[in-house]
Amino acid sequence: MSKQARSLEIEDIKKLIPQRFPFLMIDRVLEASPEKVVAIKNVTANEPFFPGHFPDQKVMPGVLLIEAMAQAGIILYRQKFPNDKLLFLVSVKARFHVPVIPGDQLKIQVVPIKLLSKMGIEKAEIFVGNTKVAGCELAFGSQDAKAL
Amino acid sequence: MADKMQEEILDIVSMVIEKEKKQIPLDAHLIQEVGADSMMALEILAALEKKYRIVIPEEKLKEMTTVNRIIAMAKAAKKK
């Protein structure tokens, strides 16, 4: 853990990311610095998406794993640029290895590939225990990114 | 060396913009003429940094308008 790294509880997290129930995919941040963010999402059987995905077998949707990585990515961006710009996903290259089910604790790690004030590219991975369940490279931009 | 780098950079630009190399004239404006956008410029920049182990500062992004300018920029960054 680098010297600047700090942990964040849910109220601090809500100050950094705009998503709210049922779309807030980060419960706690263990480590936050401009070089790396490590966040936790606890997946419970009561998640609002489980009744439909799927009725007979609860599996967390892959797109929501991407959402969780993207939200951890916003926290990483804000460590370097503490503004309140709304960020939009631009491209995602993802791979899923193992299904995520109720009871899993997701450990989401994000590191920057290139972070600029108006846009960025980051690399994210999700682990359950020591097993990597998903990974992606995501690019995002802010609303004013087009005015380059 | 110079031609190799030109070819490699054209490969990167072609891959990011999703256009064939022959559709990308070296002096064409990538955003106005070739159909790239600013996010693609960032992807090109990140790919260059990885390939040549260089660091390109944010303000250089504005100058990445043509393939020729990107090549010149990458060469200058590599010398440092």
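So, how was this worked out
- Residues numbered from 1 in each chain as written.
- Chains lettered and ligands numbered in written order.
- Predicted model: local features only at pLDDT ≥ 70, side-chain atom pairs only at ≥ 80, totals over all residues.
- Heavy atoms only, no water.
- Core = buried A, V, L, I, M, F, W, Y, C linked by side-chain atoms within 4.5 Å.
- Buried < 20%, exposed > 50% of the residue type's maximum accessible area, 1.4 Å probe, protein only.
- Helix = DSSP H or I, 4+ residues; strand = E, 2+ residues; numbered from the N terminus.
- Contact = heavy atoms within 4.5 Å.
- Buried area = accessible area lost by both parts, 1.4 Å probe.
- Salt bridge = Lys/Arg side-chain N within 4 Å of Asp/Glu carboxyl O.
- Polar contact = N/O pair within 3.5 Å; in protein donor to acceptor, adjacent residues only side chain to side chain.

A. Quick peek at the nonpolar core. Within the largest apolar cluster, 41 residues are counted, with the highest numbers of intra-cluster contacts made by Ile26(A), Val29(A), Met60(A), Met69(A), Ile75(A), Leu106(A) and Ile108(A). Elements with a minimum of two residues in this core: α1 (10–16), β2 (28–33), β3 (36–42), α2 (62–80), β5 (105–115), β6 (119–128) and β7 (131–142) of chain A. Leaving out residues up to four positions away in the same chain, Val29(A) has contacts with Ser7(A), Leu8(A), Ile13(A), Val37(A), Val38(A), Ala39(A) and Ile75(A). Of all hydrophobic cores here, the second largest spans 34 residues; its members include Ala139(A), Ala41(B), Leu45(B) and Tyr52(B).

B. Inspection of the interface of chain A and chain B at higher detail. Each side of the interface is counted separately: chain A has 17 residues, and chain B has 12 residues. Surface buried jointly by chain A and chain B totals about 1100 Å² across both partners, of which 76% is contributed by carbon and sulfur atoms. There are 1 salt bridge connecting chain A and chain B. The tally of links between chain A and chain B comes to 3 residue pairs in polar contact (both at pLDDT 80 or more). Those elements giving two or more residues to the side of chain A that touches chain B turn out to be β4 (87–96), β5, β6 and β7 of chain A.

Function cannot be inferred from these measures alone, as they are strictly geometric.
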